[in-house]
Every structure is written in structure tokens, then in C-alpha cells.
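Reading the structure
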Amino acid sequence: MIIKPFHFMRLFLKVQENILAIITNKSLIGMATYKDKLILKRVQEQLDFMVNKSWQYAPDLFTNIYLNAKIDKHIRALGMNATDQVAVSRIVDNFMGHVFETSSFSYKTLKKTMEETRAELLNQSGALSTMERAYKDLYVENIRKQGLVGFIDKANKRWSFGNYTKMLLDTSTRITNNYAVIYTYEKHDLYKIIGHANSCKKCAAHKNRVYSRSGTNKFYPSLASAFGKIDKSGLDTLENSYLSIHPNCKCEIIPFTEGGKTAREIEEIREFSNYETNPPDRDPRTERQIEAYNNKVQERQKLVNTFKEFQDMKLALGKRMPKTFNTFLKHKLANSEQFRAWKQSIHK
């Protein structure tokens, strides 16, 4: 079987769905500590399954992406050389490191929620049967508020398990493509960053600039400076670069040559690319481009909020909800009778 990105997304979404089913199964939830241990044991089994499958999928996936991204079909036909193997191995190790971290973080945050819920109930008094019902209700409510968290970034943004694993996969795929382009021609030094329509401020500042792979060309900035250095005090080398301007970045790189261009054209390209004559902290976008990007972000956020609503309702209503987000979205957009019934059940 040829491993493709959708195999990973199907894996991540299935694991998320299974975990949500486990942690909201009221027959498993209870004041007895053994019930918490049973839930955590089953959750850990799902996370272990995800990690093991990822180890199985990742090498094949990123090798296939890397080879298909080689821009010279004759070089691509030669297969993987030693440099290619090192690059893919680095990508796989980095990807799997994040998968491990996500697995561990999700488990720890879930365990913490369970411990906090138990502590909150133990401070109250009442009949055991009453406390048991209260614990189940409070537990599900706390899980609904927090969700299944996959990561919390430096800005304290909480990434859901599903959103974070998708971002991780998309970013790793783009990095793999960029590495493949760079390593197609070992001795080529100049590359141009090309962005997509409606770029963000960070991407727009680098779009259409030319960069030096080696970092030694006096007319062009280093490629590592555009993508960010892993070790800020380290060398401006590819090995010390993320090869991605930011998570979920869609920017690509293509080989560039000054050959065939006039002296005037070369001078303009050099001035545009140079950080001194054209600082990278300047936003080059027009007001119309900024507005188009902001509109795109708002539409994306609406979709994210709808997905969160789907997850919350699924936690509360269980099997009464549709299995897929797309089905839920169709009902919501149509404001169907079924959708209104779900909303009414939530507010009861």
C-alpha cells in the first residue's frame, strides 16, 4: 500500500473519535478510582496505537512525498541518495517527536482534568448516589469545556488534538517538499520563495525574494534566515533551518538563476531581496490584500468554531449525533429540523 497523507488524517481522526467515546462513556465514569484508571488505560491504548501506526506509516509517507517533489524527473528516477536519506530521516524523526509529545500531552491533560474533577466533588458533601451523578455530570462538562487538547503554544492557544495533528502533518509535508527541491541539485545556491494568494504578513514579507542556500552569497540573504533557525545562535545552514516560515505555511521554493536577465533586472531583484534595502519586517501587502487575507482567516475561524460546536454536542449527545463533521455541517447550514432538535437537547 502506498501511504498518503489521508491515511494519517484518518488515523488521527479515528483515534480522536475513539478517545472521545471512551472518556464520555457514562458507564465507565464514576467516583471509584479504579474507573478513572480503566478510562486512562483505554485512552493510553489508543494513543499507543496511534504512535505505533505513525512509526509504520511515516518513513514510507515522507519518502514518497520527497521523491515526488524532486523537480528533475531524471534525478527522481535515480531514487534516494545518501543526502536524501539523511534529509528524510531528519523529517521523520522530527515528525515522530511531535507525535510522541502530542500523545503524552493529551494523556496528561486528560488525567489532570479527571483529578481536578474528583477533588472538586470531594470538597462537597452529600449522599454517595448524589455525588456519583454529580461527578458524571461535572466530568462530562469539564471535558466539554477543555476538549481533547493536543498542544498549547507559546501564545497560550489551546490546539485540539485533531487540529494540531492536521497542522503537524501539513507542515511536515511542506517541509519535505522544500527539502526535495533544494536537494535536487546539490550545487545550486539561489532559490526564490513563492507564496499563495492572500498571504499572511510573515509570508508576504518573504514572497518573491531570492535567497542563498549556502548563506555565502553577498547579494542575497541566507535561506535559513527566511525560514527561521532552530538554534538562534547557530549557523545559517539548512540543517539549522525549519524550512517553514511558520506552522501550516504553504510557501514553496523554486530554483533561481540570474542567467538570461539584464543588468537592470538583476539589480532590482537584488535590491528587493536584500534585507537592508527592503527590510523583512515591512508588510508589503496592499489594503485590499490585507482585507482579503483577514476575510479568509475569519471564514476559517467560523469553520473551526463550527467544528468545536460539533465536538461539544457529540460529547453531550453521544450516538444521537452524526458520525462525521460534514453531515453535521450540512444540517447546520440548512438549519434543519434535526439540527434544531440537537440544539434543543443541549439546552435542556
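The rules we used
Residues numbered from 1 in each chain as written. Predicted model: local features only at pLDDT ≥ 70, side-chain atom pairs only at ≥ 80, totals over all residues. Heavy atoms only, no water. Patch = residues over 30% accessible without salt bridge, like charges linked within 9 Å, V, L, I, M, F, W, Y side chains within 5 Å. Areas by Shrake-Rupley, 256 points an atom, 1.4 Å probe, with all protein chains shown as cover. Salt bridge = Lys/Arg side-chain N within 4 Å of Asp/Glu carboxyl O. Lys, Arg positive; Asp, Glu negative; His and termini not counted. Charge placed at Lys NZ, Arg CZ, Asp CG, Glu CD. Helix = DSSP H or I, 4+ residues; strand = E, 2+ residues; numbered from the N terminus. 1 Å grid on protein atoms, 1.4 Å probe; cavity = no way out; pocket = protein on both sides within 12 Å on 5 of 7 lines; lining within 4 Å. Points joined across faces, edges and corners; volume = space filled by probe spheres on them. Nonpolar A, V, L, I, M, F, W, Y, C, P; charged D, E, K, R; others polar. Phe/Tyr/Trp six-rings, centres within 6.5 Å; stacked < 30°, edge-to-face > 60°. Buried < 20%, exposed > 50% of the residue type's maximum accessible area, 1.4 Å probe, protein only. Lys NZ or Arg CZ within 6 Å of the ring centre and 35° of its normal. Core = buried A, V, L, I, M, F, W, Y, C linked by side-chain atoms within 4.5 Å. Contact = heavy atoms within 4.5 Å. Pairing = 2+ DSSP bridges. Axes fitted to C-alpha atoms, helices over the stretch in contact; angles between N-to-C directions. Parallel < 35°, antiparallel > 145°, perpendicular 65-115°, else oblique. Left-handed = near helix turned anticlockwise from the far one by under 90°. pLDDT = per-residue confidence, 0-100.

**Considering a positive patch on the surface**
- Together, Lys157, Lys250, Arg300 and Lys308 line one region of the surface with positive charge.
- Among the secondary structure elements, arginine 300 is positioned in helix α10 (residues 287-317).

**Details of empty space enclosed by the protein**
- Throughout the structure, instances matching the rule amount to 1 cavity of 30 Å³ or more.
- Approximately 40 Å³ is the volume found for the largest cavity.
- Counted by class, the lining of the largest cavity contains 5 nonpolar, 1 polar and 3 charged residues.

**As for the packing of aromatic side chains**
- Enumeration according to the criterion identifies 15 aromatic pairs in this entry.
- Ring plane angle 20° and centroid distance 4.8 Å describe the contact between phenylalanine 151 and tyrosine 164, whose orientation is recorded as stacked. Of this pair, phenylalanine 151 sits in strand β1 (residues 149-152) while tyrosine 164 sits in helix α6 (residues 161-182), and the two are 13 residues apart along the sequence.
- Residue phenylalanine 151 is classed as partly exposed on the basis of its relative accessible area of 29%.
- Where tyrosine 179 meets tyrosine 183, the ring centres are 5.8 Å apart and the plane angle is 20°; that geometry is what we call stacked.
- By relative accessible area, which is 5% here, tyrosine 183 ends up buried.
- Three or more aromatic residues joined by ring pairs make a cluster, and in this case those are Phe307, Phe310, Phe325, Phe328, Phe339 and Trp342.
- Here the guanidinium or amino end of lysine 157 rests over the ring plane of tryptophan 159, the centre of that ring lying 4.1 Å away.

**Focus: the nonpolar core**
- Membership of the largest hydrophobic core comes to 66 residues, with the highest contact counts inside it found for Phe8, Ile23, Ile39, Phe62, Phe95 and Tyr139.
- Sorting the residues of this core by element identifies α1 (5-23), α2 (33-69), α4 (82-122), α5 (128-146), α6, β3 (190-194), α8 (223-227) and α10 as the ones contributing at least two each.
- Of all the elements, α2 adds the most residues to this core, at 13 residues.
- Excluding residues that lie within four positions of it along the chain, phenylalanine 62 makes contacts with Val88, Ile91, Val92, Phe95, Ser172, Thr173 and Thr176.
- Among the nonpolar cores identified, the runner-up in size contains 10 residues, and Phe307, Phe310, Met313 and Phe325 belong to it.

**Examining the environment of alanine 69**
- Along the chain, alanine 69 falls in helix α2.
- Note on alanine 69: relative accessible area 11%, which makes it buried.
- Sequence separation between alanine 69 and glutamate 116 is 47 residues; the distance between their C-alpha atoms is 48 Å.
- Aside from chain neighbours lying at most four places away, what touches alanine 69 is Asn177, Ala180 and Val181.

**A few points about the pairing of β1**
- Strand direction decides the pairing type here: β1 and strand β2 (residues 158-160), joined by 3 bridges, are antiparallel. The partner of isoleucine 152 across the bridge, within β2, is arginine 158.
- In textbook terms, the turn of a hairpin is the stretch between consecutive antiparallel strands, and for β1 and β2 this stretch comprises 5 residues, one of which, asparagine 156, has a positive phi near 65°.

**A closer look at the packing of α2 against α6**
- Put simply, α2 and α6 touch, their axes get as near as 9 Å, and they point 30° apart. Relative to α6, the element α2 is oriented roughly parallel. The handedness of the crossing between α2 and α6 comes out as right-handed. Contacts between α2 and α6 involve Leu47, Met50, Leu61, Phe62, Ile65, Tyr66 and Ala69 from the former and Phe161, Leu169, Ser172, Thr173, Thr176, Asn177, Tyr179, Ala180 and Val181 from the latter.
- Of the residues contributing to the contact of α2 with α6, the split by class is 12 nonpolar, 4 polar and no charged.

**Some details on the confidence of the model for the protein chain**
- Here the protein chain averages 86 in pLDDT, and 96% of its residues register 70 or above.
- Per-element confidence in the protein chain ranges from a low mean pLDDT of 72 for α5 to a high of 96 for helix α9 (residues 263-273).

**Examining the layout of surface pockets**
- Taken as a whole, the second largest pocket spans an internal volume of roughly 630 Å³.
- Those elements that place two or more of their residues in the lining of the second largest pocket are α1, α5, α10 and α12 (337-347).
- The residue inventory of the lining of the second largest pocket, partitioned by class, reads 9 nonpolar, 6 polar and 10 charged.

**Here's the deal with unusual backbone geometry**
- Even without a glycine there, the phi angle at asparagine 208 is positive, about 70°.
- Here asparagine 208 is to be found in the loop between α7 (201-204) and β4 (210-212).
- Overall, asparagine 208 belongs to the partly exposed group, its relative accessible area being 38%.
- One non-glycine residue, leucine 243, lies in the positive phi region at around 55°.
- For leucine 243, the location among the structural elements is in the loop between α8 and β5 (252-255).

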